[in-house]
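Observations on chain architecture
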Amino acid sequence: MEHRTVSIADQVFELLEKDILTGVYARGETLTELKLSEKMGVSRTPIREALRRLEQERLVVATSRGMRVVGLDLRDIEDIYEIRLRVEGLAARRAAERATQEQVQQLRQLLDMQEFFTAKDDSDNIIDADSRFHDMLYRLSGSLVLYDTLAPLHRKLIRYRKVSVRRSGRAEKSFAEHKAVFEAIEAHDADLAEKMILQHTQNAKCNIMSLEEK
């Protein structure tokens, strides 16, 4: 899979998306082109394009005063996990079938990174390693459709994953689940890879939903 060139509008979009999903911009807050342009030091054109994309992602909604932050609610989280539970298994299956030895080694390096930061109880870097592992898994499927479906959904949950990983024992369990997925891919066992990633996704869902219900 080829990497696309990242434009200024892409960079603005990714930063704004992250800030919305991590709570830097609170639900209900209004974002305007002028203020964002001044804050980020770029022209209003890439800001306008990024806000349009955020609106398409349903993370903001247009109002007479600007774009109002919507973010995610409990129903959104449930829907994201429902989709992942139906699609992520296919990505893992494809990865097990198609991954080259070099790609398996790249996935191992990401797993090693996650293990290192888990041992150090470094939650921010654990989340980063987790994101990289899933991103690589989706890429190994060899399908742009699967990647473009799953990567944004996984990214949208970053705020909740950060809370989840700080829960006692969850980081260690997540690493163990990733290790099981990796070993299945390394063995090119498609059935097991699918089973292990769905088990991991279900466990992550249960953990996050239990936090939201409190």
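Summary of the structure given here. Residue positions are given per chain, counting from 1 as you read along its sequence in written order. Two thresholds apply to this predicted model, a pLDDT of at least 70 for residue-level local features and 80 or more for giving and counting side-chain atom pairs, whereas whole-chain, interface and lining totals are computed over all residues. Note: side-chain values were computed over all heavy atoms of the structure, leaving out hydrogens and water.

Our focus in this paragraph is the sheet that holds strand S3 (residues 66-69). An order of S1-S3-S2 is seen for the three strands of this open sheet, with the pairing classed as antiparallel. Either end of the sheet is taken by a strand with one partner, and the two such strands are strand S1 (30-31) and strand S2 (60-63). Here helix H3 (residues 44-56) sits on the sheet in contact with S1, S2 and S3, set at roughly 115° to S2. Strand pairing requires that DSSP identify at least two bridges connecting the strands. Each helix is a run of H or I in the DSSP string that is no shorter than four residues. Each strand is a run of E no shorter than two, and both are numbered from the N terminus. Any two residues whose heavy atoms approach within 4.5 Å are treated as being in contact. Only C-alpha atoms enter the line fits that serve as axes; for helices the fit covers just the stretch in contact. Angles between N-to-C directions range over 0 to 180 degrees.

Look at helix H5 (residues 101-119): 27 Å from first C-alpha to last across 19 residues, which is about the 27 Å you get at 1.5 Å a residue. For H5, the complete set of buried residues consists of Val 104, Leu 107, Leu 110, Leu 111, Gln 114, Phe 117 and Thr 118. In an axial view of H5, the angular spread of the buried residues amounts to 145°, which keeps them on one side of the axis. Opposite the buried face of H5, by more than 90 degrees, sit the exposed residues Gln 101, Glu 102, Gln 109 and Ala 119. Of the residues trailing H5, Asp 121 is marked for its positive phi of about 55°. Given the number of residues in a helix, its expected span is that number minus one, multiplied by 1.5 Å. The cut-offs for exposure are 20% and 50% of the maximum accessible area for each residue type, with area from a 1.4 Å probe on protein chains only; residues under the lower value are buried, those over the upper are exposed, and the others partly exposed. Note that the arc is defined by the directions from the helix axis to the C-beta atoms.

Time to look at the nonpolar core. Ranked by internal contacts, the top residues of the largest apolar core, which has 32 residues, are Leu 16, Ile 20, Leu 31, Leu 51 and Leu 54. Among the secondary structure elements, those contributing two or more residues to this core are helix H1 (8-21), H3, S3, helix H4 (74-98), helix H6 (123-140), helix H8 (158-165) and helix H10 (190-212). For this core, the element with the most residues is H1, which contributes five residues. Apart from residues lying up to four places away in sequence, Leu 31 is in contact with Ile 20, Tyr 25, Leu 36, Leu 51, Val 60, Gly 66, Met 67 and Val 69. Nonpolar core, defined: a set of buried Ala, Val, Leu, Ile, Met, Phe, Trp, Tyr and Cys residues in which side-chain atoms within 4.5 Å join the residues together. One finds Leu 146, Ala 151, Phe 175 and Ile 185 within the second-largest nonpolar core, a separate group that totals 28 residues.

Attention now goes to the pairing of S3. Here S1 runs beside S3; their pairing, made up of two bridges, is antiparallel. Of the residues in S3, the one forming a bridge with Leu 31 is Met 67. Between S2 and S3, which pair antiparallel one after the other, the connecting turn spans two residues.

As a further point, take the packing of H6 against helix H7 (residues 144-156). Across the interface, H6 lies against H7 with an axial gap of 9 Å and an inter-helix angle of 170°. Considering the angle they form, H6 stands roughly antiparallel to H7. Contacts between H6 and H7 involve Asp 130, Ser 131, His 134, Asp 135, Tyr 138 and Arg 139 from the former and Tyr 147, Leu 150, Ala 151 and His 154 from the latter. Taken together, the residues of the contact of H6 with H7 break down into four nonpolar, three polar and three charged. An angle counts as roughly parallel when it lies under 35 degrees, as roughly antiparallel when it exceeds 145, as roughly perpendicular when it falls between 65 and 115, and as oblique in every other case. Each residue is assigned to one of three groups, with Ala, Val, Leu, Ile, Met, Phe, Trp, Tyr, Cys and Pro labelled nonpolar, Asp, Glu, Lys and Arg labelled charged, and all others, Gly among them, labelled polar.

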